[in-house]
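What follows is the residue order along each chain.
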Amino acid sequence: MEEHISSWAKAMVPAQRSGRSFGVLCAMLSLLICGTAGALAIEESSSARYVGSESCAGCHSAQTAAWRKSQHAAAMAVATPETVLGDFNNATSESQGSKGRFFRDGSRFVVETEGRDGKTARFDVSHTFGVEPLQQYLVTFPDGRLQALPWAWDTRAKEAGGQHWFHLYPDRPMPSDDPLHWTRSMQNWNFMCAECHTTDLHKNYDATKDRFQTSFAELGVGCESCHGPGAGHVEWAKGTRSAQVANSGFSTAHARRPHVDWAPAPTTGSPTQTAARPSDDEVELCAHCHSRRGEIAEGWRPGQPLSDTHALALLTAELFEDDGQMKDEVFNDQSFKQSAMYAKGVICSDCHDPHSGKLKAARADVCAQCHQADRFSASEHTGHPAQGGANAPDCVSCHMPTRTYMVVDKRHDHSFRIPRPDLTVALGAPNACNACHTDKSAAWTAQAVERWHGPHRKGFQNWARAFHEARLGAPAARELLLNIANDSLTPAVSRATAIAEAQRFPSISVEQATLKALSDADPLVRIAALRALPSALPPDQHWRSAGPLLSDPIKGVRIEAAAALAEQTVDDLASEDRARLENAWNEYEASQKLNADRPEGRANLGTFLFRRRRPREAEAEYLAGLRLEPSAIPLSINLADLYRAQKREADSERILREAIARVPDSAAARHALGLALVRQQRYDEALAELARAVELDADEARYAYVYIVALNSLGRTAEARTLLDKAVQRFPFDAQLLQLALQEMLQANDVRRAASIARTLADLAPDNAEIARLAASLEKLR
C-alpha cells in the first residue's frame, strides 16, 4: 500500500444527498501490497475458460520470454527460496516502537512482529508481493484473509541505498487498533490488492461467516489478464485457424487503434496527426489495474468499458494537486488521460513493450520516436546548456517529474505537462524545475522560464486555477469550472471533476451544466453529473433527469442513477419504468454486497436502504460494518443518525459515546454527539462536545458555525462574536458564517463591513434576488 494512503475512514466520510448522510463508495484500490493461494476452475464455454500463461509459450515464445522477466509475471508468488529476495537470516528492523525479526524455520520464512492483539508473535510468510524496488510479504490466516506485513525489503542495490528491511509507515507509530495496522482492513489483500496481482480473481467473501475463499486462475499478471480467457484461442490455434472466427477464438478483445504515422513535422518537431481512438482501447485495458478505482462488479474482460465494473476516481484534492499532478498513489490512468498525448491518440504500447513492460528506449530516447531529439534537447528549448551527463535535464525529468511512494518507490507522473513554476507561486502546485533547483525559489524559477519562453504560458492542462479557487470556496471559481465542464475538448476526467467541484456553488447555471452533463458521451461525466444532481429538484424533474440513465449501457452509470433515485416512489410509475428502476436498485445493492467485507461497503448499502425506507435492514448493515471495523466513525455517525430519525435518542447517544471511546480525537463524532445532546436539551454537555470538535478539526467550517450558533443561543454572545471574527477570517467564503457575520454587522450598524459581506454572499448566490438587492442598497450607503 502506498506510503501516504488515506485511511479508510477518510474515504468513507459521508457526502450529502437529499439532506441525509450518504456513504461514499470507496474508490481506493491504492495498492501495492498483497496475495492468496488456490486455483480456480471455471466450467464455462471454451472461449471463457482460463488455461494459464504456459499454454501460450508454444506459439508465442518470444512474448512469453519477455513476460517471464517482467514485473507483471512476478507481481505475486508463493514464498520460496527462489522468489523471496529479503534477508531472512535472523535480520531485525525497528520503527516507531515496532520491531520485526526475519528468520527461517526449516523451509518456512517467518516474521516476528506485533499481531492484531498488540503482542509479539511469529507469522509464516505465504507469498511474496512485487520485486522492484521493494518486495512485500503476505501472511495467510485461517479465515482466508491474506494480510500484508508492514515490513518490506528494499531490493535496490546496496550502493543505491537498498538491501535492508524498512517499515512502510516510518513516520508514525502503528498501534494494533489503527485501521492501517497490518492485520486490519486497510492492509487486506483480498480486497485491496488481489485483483491486480493475480489473473481472474474471485474474492468469494462469505458475509454470514466473515470468511474468504478467494480464488484465481494464476498468480501474477498473466497473459490472460490482458487477453482474456484463452481456451477458445488455444482450440482455434490447434484447429484450422479460420479467419471467420471472431478474435481468433478469444471471447473478447480490446478495440484496436488504426495505424498512425507519428513522424514529426519539420516546422514543430512534433507529430501533427491525431489518431482516432476507440473508446475501449488498449489504454482502457491497462487502466483496469493502472488507475485509482474501486470494484463494483467482478468479471471484467478486455474490450469492456472499465466503468462497467469499476468506480473510477476523479481529480480530487486528496488524490491530485490542483493542476492535476498526482499527489496520492493513483497508478497513471487518470494522469495520462489529462495529457495532450492521450487526446492525440497515443497508447501505452507506443512507449512501453506490452510483454516486458519496459520502455522501448531509454528515457528521452523513447520520446525521440515521435519528437525531434535535437530540437528539444537544444538549450533554446531547455534553457540549460546542451550537455550530457546523469544530471542533465531531459524530456523525462522536465515533463514526467517523480514522486516517491512506499518510502523508496519513485514513480513518474504520466500527465506529460509543461513545467509551471508560476503556478507554484500562485497556487502552491509543485513544479519539475524546483525538483532539481532545490536551492532556488519558485519565483526565481518562474522568472527564468519567462526569460526563455516569453510571458505567456502554454499547455494543454488549463484547470489549475479553477480547481484551486473551488477548493478555497471562492465564487470566482464558478465561471471557471463551467467553462471546463462545457468544453468538449477538455479531457473527460477534468470535465467530470469540474462538475463535481461546481456543486460548491449552487446556481441556475451550475444546475444547467449538471443536467447537460447527464447526456455526455463519456460515462465518467454522466456518473459525476448523477452524483451531483441537486437534491432540491422537484421529484418529477429528478425522475426526468436520472430516470433515462437507468437503461444506460454502462453499469456504473445505472447504479449511480439508482442511488440518485433511492427515494423515488414507484406507485405512479409505468410498469416498464418501475422494472427499470427496480433492476437498477438491485444492481446497486449487488455492487455493495460485493464489498460486504468492507466497512464502507456496509455504510453505502445501509444508507441506500435507509433512503429506500428499509430502516431495519439499514441498521443491520451499519452494525455489521462496525463489527468489521469498530473504529469506523462514519458508520457510527450514520447509525446514530438512523436512531435519531426513529426518535431513539438514547441509542444515538450510546453509539456516539462508544465511537468516542474508541477514537477520542474524532471531531466528527464529538460534533455529532454535541448535536444529539442539544436535541436532549443538555446544553452544557452539548457545548463542551461542540467546542471539542472545533478544537480537534479547525479546518471544518460547519463545526465552527454550529458552535457559534450554540454560544449565541445560550447568551454567550461575546465569545460567539470573537469566534465568528476568527472563523470568517479562516473561511472567507462560507455562506453560513457570512450570514451570521452579516447579521452582526447590521446590528452594529457597520455598513462598510456589511456591504462587503453582502457582496460576497451575492457572488455566492447569484440567483438570490433578495441578497442582491441588499448588497446593492448597502453599497449605496457606504
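One numbering rule holds for all chains: residues counted from 1, following each sequence as written. At least 70 in pLDDT is required for a residue's local features to be given in this predicted model, at least 80 for side-chain atom pairs to be given and counted, and no such filter applies to totals for whole chains, interfaces and linings, which use all residues. The side-chain quantities take in all heavy atoms of the structure and omit both hydrogens and water.

1. Concerning the overall build of the chain
What counts is decided by this rule: Helix and strand assignments follow DSSP, with helices taken as H or I runs no shorter than four residues and strands as E runs no shorter than two, numbered in order from the N terminus. Radius of gyration means the value over C-alpha atoms here, while the globule rule gives 2.2 Å times the residue count to the 0.38 power. Residue burial is assigned from relative accessible area. The probe radius is 1.4 Å, only protein chains are included, and a residue is buried under 20% of its type maximum, exposed over 50%, and partly exposed in between. What makes two residues a contact is simply this: any of their non-hydrogen atoms within 4.5 Å. Note on areas: these come from Shrake-Rupley sampling with a 1.4 Å probe, and a residue is covered only by the protein chains present in the view. Only four residue types enter the charge count: Lys and Arg as positive, Asp and Glu as negative, with His and the chain ends excluded. Where a charge sits is defined by one atom per residue type, namely NZ (Lys), CZ (Arg), CG (Asp) or CD (Glu).
Summing up its helical and strand segments, the chain has 34 helices and 20 strands in all. A globule of 782 residues ought to have a C-alpha radius of gyration of about 28 Å, and the chain, at 28 Å, matches this closely. Over its C-alpha atoms, taken along the principal directions, the chain stretches across nearly 85 × 65 × 65 Å. Out of the 782 residues in the chain, the part that is buried amounts to 52%. Long-range pairs, those at least 24 residues apart, make up 58% of the contacts in the chain with a sequence separation of at least 6. Carbon and sulfur atoms make up 51% of the accessible area of the chain, which amounts to about 35500 Å² in all. Between the mean site of the 88 positive side-chain charges and the mean site of the 99 negative ones, the chain shows a separation of 1 Å.

2. Details of the state of the cysteines
In plain terms, the rule: Counting rule for disulfides: a pair of cysteine sulfur atoms within 2.5 Å.
Applying the stated criterion to the full structure yields one disulfide. Residue cysteine 196 pairs covalently with cysteine 289 via a disulfide, S to S 2.5 Å. The chirality of the disulfide connecting cysteine 196 with cysteine 289 is left-handed, given an S-S dihedral of about -100 degrees. With cysteine 196 in the loop between helix H3 (189–192) and strand E13 (198–199) and cysteine 289 in the loop between helix H6 (282–287) and strand E17 (293–295), this residue pair connects regions lying 93 residues apart in the sequence. A disulfide-free cysteine, cysteine 223 has its sulfur positioned 3.8 Å from the sulfur of cysteine 56, the nearest such atom. A relative accessible area of 16% means that cysteine 223 is categorised as buried. With no disulfide of its own, cysteine 395 lies 4.1 Å from the sulfur of cysteine 367, the closest cysteine sulfur.

3. A word on the packing of helix H24 (residues 599–611) against helix H26 (residues 633–645)
Rules: Inter-axis angles, ranging from 0 to 180 degrees, are taken between N-to-C directions of lines fitted to C-alpha atoms, where helices are fitted over the stretch in contact. Should an angle fall under 35 degrees it is taken as roughly parallel, and over 145 as roughly antiparallel, whereas 65 to 115 is taken as roughly perpendicular and any remaining angle as oblique. In this scheme, a crossing is called left-handed if the near helix is turned counterclockwise away from the far one by less than a right angle; it is called right-handed if the turn is clockwise.
Close contact between H24 and H26 brings their axes to 10 Å; oriented N to C, the two are set at 20 degrees. For the element pair H24 / H26, the angle class is roughly parallel. In this structure, H24 meets H26 at a crossing whose hand is left-handed. Residue-level inspection shows Pro599, Arg602, Ala603, Thr607 and Phe610 of H24 in contact with H26, the latter providing Leu635, Asn638, Leu642 and Ala645.

4. Focus on the pattern of salt bridges
Worth spelling out the cut-off: One side-chain nitrogen of Lys or Arg within 4 Å of one carboxyl oxygen of Asp or Glu is enough to make a salt bridge.
Considering all chains together, one arrives at 60 salt bridges under this definition. Across the pair arginine 108 and aspartate 124 runs a salt bridge, and its minimum N-O distance is 2.6 Å. Here the residue arginine 108 occupies a position in strand E6 (residues 108–114), and aspartate 124 occupies one in strand E7 (residues 120–124), the gap between them amounting to 16 residues. Judged by its relative accessible area of 32%, aspartate 124 is partly exposed. For glutamate 589, the salt bridge identified is with lysine 593, shortest N-O distance 3.9 Å. Placement of the pair is glutamate 589 and lysine 593 together in helix H23 (residues 575–593), with a separation of four residues, close to one helical turn.

5. Topic: helix H19 (residues 508–517)
Applied cut-off: Each C-beta atom gives one direction from the helix axis, and the arc is the one those directions make.
Every buried residue of H19 is accounted for by Val510, Ala513, Thr514 and Ala517. Down the axis of H19, the buried set is contained in an arc of 100 degrees. They therefore lie on one face. In H19, those exposed residues whose orientation departs by more than 90 degrees from the buried face are Gln512 and Lys516. Buried residues along H19 sit in contact with helix H17 (477–485), helix H18 (492–502) and helix H20 (523–532).

6. Describing the nonpolar core
The nonpolar side chains of a soluble globular protein tend to be buried with one another. Rules: Buried Ala, Val, Leu, Ile, Met, Phe, Trp, Tyr and Cys residues that are joined via side-chain atoms within 4.5 Å together make up what is termed a nonpolar core.
Ranked by size, the top nonpolar core spans 142 residues in total, and within it Trp189, Leu481, Leu530, Leu581, Leu737 and Leu742 carry the most contacts. Among the elements that line this core, the one with the most residues is helix H30 (residues 701–713), at eight residues. Listed in part, the 16 residues of the second largest apolar core include Phe102, Phe109, Val111 and Val125.

7. Considerations on the pairing of strand E11 (residues 151–154)
Rules: By definition, two strands form a pair when at least two bridges between them are found by DSSP.
Neither face of E11 is open: one carries Trp151 and Trp153, the other Ala152 and Asp154, and all of them are buried. Examined bridge by bridge, strand E9 (residues 134–140) and E11 share two bridges and lie antiparallel to one another. Considered in E11, the bridge of glutamine 135 is made with tryptophan 153. The pairing of E11 with strand E12 (residues 164–167) spans four bridges and is antiparallel. Paired with aspartate 154 across the two strands is histidine 164, which belongs to E12.

8. What about the sheet that holds strand E5 (residues 98–105)?
Spatial ordering of the open sheet is given by E4-E5-E6-E7, a layout of four strands whose pairing is antiparallel. The open sheet has two edge strands, strand E4 (91–95) and E7, and neither has a second partner. Here the average twist between neighbouring strands, direction ignored, is 20 degrees. In the sheet, E4 pairs with E5 via five bridges, with the strands oriented antiparallel. Within the sheet, the bridge partner assigned to serine 95 lies in E5 and is serine 98.

9. Looking at a nonpolar patch on the surface
Formally: Patch membership requires more than 30% relative accessible area and the absence of a salt bridge. Residues of like charge join within 9 Å; the nonpolar side chains Val, Leu, Ile, Met, Phe, Trp and Tyr join within 5 Å.
Together, Val678, Tyr683 and Leu714 line one region of the surface with nonpolar side chains, adding up to about 230 Å² of accessible area. A relative accessible area of 32% places valine 678 in the partly exposed class.

10. Some words on H26
Put simply, the rule reads: To estimate how far a helix should extend, the number of its residues minus one is multiplied by 1.5 Å.
Taking 1.5 Å per residue, 13 residues should reach 18 Å; H26 reaches 18 Å between its end C-alpha atoms and fits that length. Taken across its 13 residues, H26 has 10 buried, putting it largely inside the fold. Regarding H26, the residues found buried are Ile633, Pro634, Leu635, Ser636, Ile637, Asn638, Leu639, Ala640, Leu642 and Tyr643.

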